[in-house]
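Descriptive structure summary
Now for the letters of each chain:
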Amino acid sequence: MAVFHEGTTFQGSADYPIGMDPGWVSISFSVRNEMMPPSTPQITPLEIAAALNTLVQSKGYPRIVFSGTPVAEPLNP
């Protein structure tokens, strides 16, 4: 798995399933945990990707695989 730097922008998209009205959703996000004491739990990009997938799948879209930029590696393969 790739190592992504703090503040990396992640993006992904999904088509709405065939047989229904056509369409797609495209999502991008980044996470910055700044000035956090070591004991403070950080929010990770993988947690955000999982939460976004819960949302999009509840709307009938397939799971989205997010890729980071400039590293073209998947975050959540």
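Further up the page is the structure itself.
Quick look at the structure, then.

Another point: the pairing of strand β1 (residues 9-15). Residues Phe10, Gly12 and Ala14 line the buried face of β1, whereas the alternating positions Thr9, Gln11, Ser13 and Asp15 sit on a face that is not buried. As defined by bridge partners, β1 adjoins strand β2 (residues 24-30) across seven bridges and the pair is classed as antiparallel. The residue of β2 that forms the bridge with Thr9 is Ser30. As paired strands, β1 and strand β3 (residues 67-69) are joined by three bridges and run antiparallel to one another. Each residue of the ladder has a partner; that of Gln11, found in β3, is Ser67.

In total, this model carries one salt bridge according to the counting rule given. When the shortest N-O distance is used, the salt bridge between Arg32 and Glu34 registers 2.8 Å.

Right, let's get into the layout of surface pockets. Estimated volume of the largest pocket: approximately 180 Å³. The wall of the largest pocket is formed by 16 residues, among which Phe4, His5, Phe10, Thr44 and Pro45 lie closest to the centre. The residue makeup of the lining of the largest pocket, split by class, is nine nonpolar, six polar and one charged.

Each value, and the rule that gives it
Residues numbered from 1 in each chain as written. Predicted model: local features only at pLDDT ≥ 70, side-chain atom pairs only at ≥ 80, totals over all residues. Heavy atoms only, no water. Buried < 20%, exposed > 50% of the residue type's maximum accessible area, 1.4 Å probe, protein only. Helix = DSSP H or I, 4+ residues; strand = E, 2+ residues; numbered from the N terminus. Pairing = 2+ DSSP bridges. Salt bridge = Lys/Arg side-chain N within 4 Å of Asp/Glu carboxyl O. 1 Å grid on protein atoms, 1.4 Å probe; cavity = no way out; pocket = protein on both sides within 12 Å on 5 of 7 lines; lining within 4 Å. Points joined across faces, edges and corners; volume = space filled by probe spheres on them. Nonpolar A, V, L, I, M, F, W, Y, C, P; charged D, E, K, R; others polar.

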